[in-house]
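Observations on chain architecture
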Amino acid sequence: MDLFGTAGIRGGVEDRVTPALALAVGRAVGAEIRSRADGSADESPSESTSESPPEPTVVLARDGRVTGPALAAAMEAGLAAGGVAVRRAGRLPTPALAHASQGRYGVMLTASHNPPTDNGIKLFRDGTEFDRDAERAVESRVADEESVARWDEWTEATRIDPLGDYLADVREYAAEFGADLDGLRVAVDCGNGMSAPATPTVLRELGADVVTLNGNVDGHFPGRGSKPTPETLADLRAFVADANEGVAEPGRPTNDGSDGDADGERGDGDDGGADEAEGFAFAIGHDGDADRIVIVDADGEVVHEDTVLAVLAERYTRESDAADPVVVTTPNASGRIDERVREAGGRVERVRLGALHEGIAAVREAAANPDGAGGDDTRVVFAAEPWKHIHVGFGGWIDGVTSAAVLARLVADEGLDALREPVTERPYRKVSVSCPDDAKESAMDRLETALPGAFPDAAVDTDHGVRLEFDDASWTLVRPSGTEPYVRVYAESDDVDRLVAEVEDVVEDAIAAA
């Protein structure tokens, strides 16, 4: 039984993620937690982020989808009948649920950026997503139709409200970076998702002047599609561009000090000569559960997701005192990340899509192993894939709200243009080549030799598909889609169209021969 994909269980609520499935998964999760609590289940090294095992308690939350309440009721029933304590948290951003799962377990009902017809199930242990072994254990129990706990071990859920604690911790963490926001004007498109009660609040409490779009939670996503893309963020982009037209310093309050007291102090009710900012310094777009973030610049253009990743990766690497700082990312992430991390004195490790938490664990395990890579002072300082960031010093989960807070303070300190300036932004392409599912394995086997043969000067990595890197920092990745009948081609190069065309020819030949 294959329930879990790269982001938990996800799919249509009428035929896949049904209340019946939620009930079965809840029962299975309850049984698995109890077996771990009594020591009868094995743990993998990547599952624990604390010295003591998590308590057998589950925090249950959902996003704003219309189908969330019914699925939550079914999940709660399964968990309670499975014999574990349940803490009902209601609607939360996914990172807030992950934060609340520290020291215990968490279940988040969300389909993230999928359409409103979908929903999903994500499982957390001590602030980190379940790894593959833990997911397979749950799948096995669902397939075996796990029985309920003994009648006198059933539990009754209690209500908690962990959002405030999460937001307070985000504010405290972000304050370590950049500068005070002091009236910096920022636009936030919440997309009718769960960032609405989180990101605007955090930014305002950090001192920003925030204007929200689609700031009410609505599981129909009436304002725009829940996946933030250049197309779905068209209104946000136009809003920012129009507001900034003719503005010299968009989003920054002016202060000439002329209205202050002689000694430079402000009197009661005196703003010290500060004028409200015009326009916006930058803008933010989130998905349905606030784990993704998209940045829009003062011209209304989307900043490439890998540029945002590179800015944060370089900053975390430079500020680390580790002898061997490591950034974990995915095979489809740009070479611009490697360039900035190397420049800052660190290195990059890649892991399969959807498994950043496993990559973090693998680096830590290798560092702890005398025969492994790294050493005593090897430390993961940041982990991310495009649009999704794990701020390792804050927690082990993907967190778009924390990204918004940290980036806002960096922009307040240096400006978005200055943050981007060191990053080399080469043209990037992603194309899909049709390939029947039953031909993927054979095609990829052929490509492991055909692509290096076609590009003999490239460095080759076949850990996660076939990735070729060239001396001029160009690169390409070929990998099979895990959900659709395609082989994906990613490429970044000053002459990206030529590179993609040459790679596509090799891929099409391999598929035809498969």
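Before any of the text, the structure's been laid out above.
The rules behind these values
Residues numbered from 1 in each chain as written. Predicted model: local features only at pLDDT ≥ 70, side-chain atom pairs only at ≥ 80, totals over all residues. Heavy atoms only, no water. Helix = DSSP H or I, 4+ residues; strand = E, 2+ residues; numbered from the N terminus. Rg over C-alpha atoms; globule rule 2.2 N^0.38 Å. Buried < 20%, exposed > 50% of the residue type's maximum accessible area, 1.4 Å probe, protein only. Contact = heavy atoms within 4.5 Å. Areas by Shrake-Rupley, 256 points an atom, 1.4 Å probe, with all protein chains shown as cover. Lys, Arg positive; Asp, Glu negative; His and termini not counted. Charge placed at Lys NZ, Arg CZ, Asp CG, Glu CD. Pairing = 2+ DSSP bridges. Axes fitted to C-alpha atoms, helices over the stretch in contact; angles between N-to-C directions. Phe/Tyr/Trp six-rings, centres within 6.5 Å; stacked < 30°, edge-to-face > 60°. Salt bridge = Lys/Arg side-chain N within 4 Å of Asp/Glu carboxyl O.

Quick look at the overall build of the protein now. Of the regular secondary structure elements, the protein holds 14 helices and 22 strands. Taken over C-alpha atoms, the radius of gyration comes to 24 Å for the protein, in line with the 24 Å a tight globule of 514 residues would show. Expressed as lengths along the three principal axes of its C-alpha atoms, the size of the protein is roughly 75 × 65 × 50 Å. For the protein, the proportion of its 514 residues judged to be buried stands at 56%. Long-range contacts, defined here as pairs at least 24 residues apart, represent 72% of the contacts in the protein between residues at least 6 apart. Accessible surface, the protein: about 21500 Å² in total, of which carbon and sulfur atoms supply 44%. Between the averaged position of the 49 positive side-chain charges in the protein and that of its 101 negative side-chain charges there is a distance of 5 Å.

Glancing now at the sheet that holds strand β15 (residues 347-350). Backbone-to-backbone hydrogen bonds join strands into a sheet, with any given pair of strands oriented parallel or antiparallel. The strand order across the open sheet built from four strands is β15-β14-β16-β17, with neighbouring strands paired in mixed fashion. The open sheet has two free edges, formed respectively by β15 and β17 (388-390), since each of these has just one partner strand. In this sheet, neighbouring strand axes are inclined to one another by 25° on average, regardless of whether the strands run parallel or antiparallel. Strands in contact with helix α9 (residues 335-343) are β14 (324-329) and β15; relative to β15, the strand with the most contacts, it is inclined by about 145°. In the packing of helix α10 (residues 356-368) onto the sheet, the strands contacted are β14, β15, β16 (378-385) and β17, and the crossing angle to β16 comes to about 165°.

A word on the packing of aromatic side chains. In total, this model carries nine aromatic pairs according to the counting rule given. Considering the side-chain rings of Tyr173 and Phe394, the 5.2 Å spacing of their centres and the 35° angle between planes classify their relative orientation as tilted. Note that Tyr173 is positioned in helix α5 (residues 163-174) and Phe394 in the loop between β17 and α11 (400-414), a separation of 221 residues in sequence. Looking at Tyr173, the relative accessible area reads 7%, which means it is buried. Residue Phe394 is classed as buried on the basis of its relative accessible area, which comes to 14%. The rings of Tyr173, Phe177, Tyr316, Phe382, Phe394 and Trp397 are connected pair by pair, giving a single aromatic cluster.

This next bit is on the pattern of salt bridges. Under the definition given, this model contains 36 salt bridges. We note a salt bridge from Arg336 to Glu425, for which the minimum N-O separation is 4.0 Å. Residue Arg336 is located in helix α9, and its partner Glu425 is located in the loop between α12 (416-420) and β18 (428-434); the two are separated by 89 residues in the primary sequence. On the basis of relative accessible area, Arg336 is assigned to the buried category, the value being 1%. Taking the shortest distance from any N to any O, the salt bridge between Glu358 and Arg352 comes out at 3.1 Å. When its relative accessible area of 21% is taken as the criterion, Arg352 is described as partly exposed. Counted as one network, the salt bridges with shared partners bring together Asp297, Arg336, Arg420, Glu425 and Glu492.

In this structure, Leu477 sits in strand β21 (residues 475-480). Along the primary structure Leu477 and Asn332 are separated by 145 residues, whereas in three dimensions their C-alpha atoms are 6.5 Å apart. Excluding residues that lie within four positions of it along the chain, Leu477 makes contacts with Pro331, Asn332, His464, Val466, Arg467, Arg488, Val489 and Tyr490.

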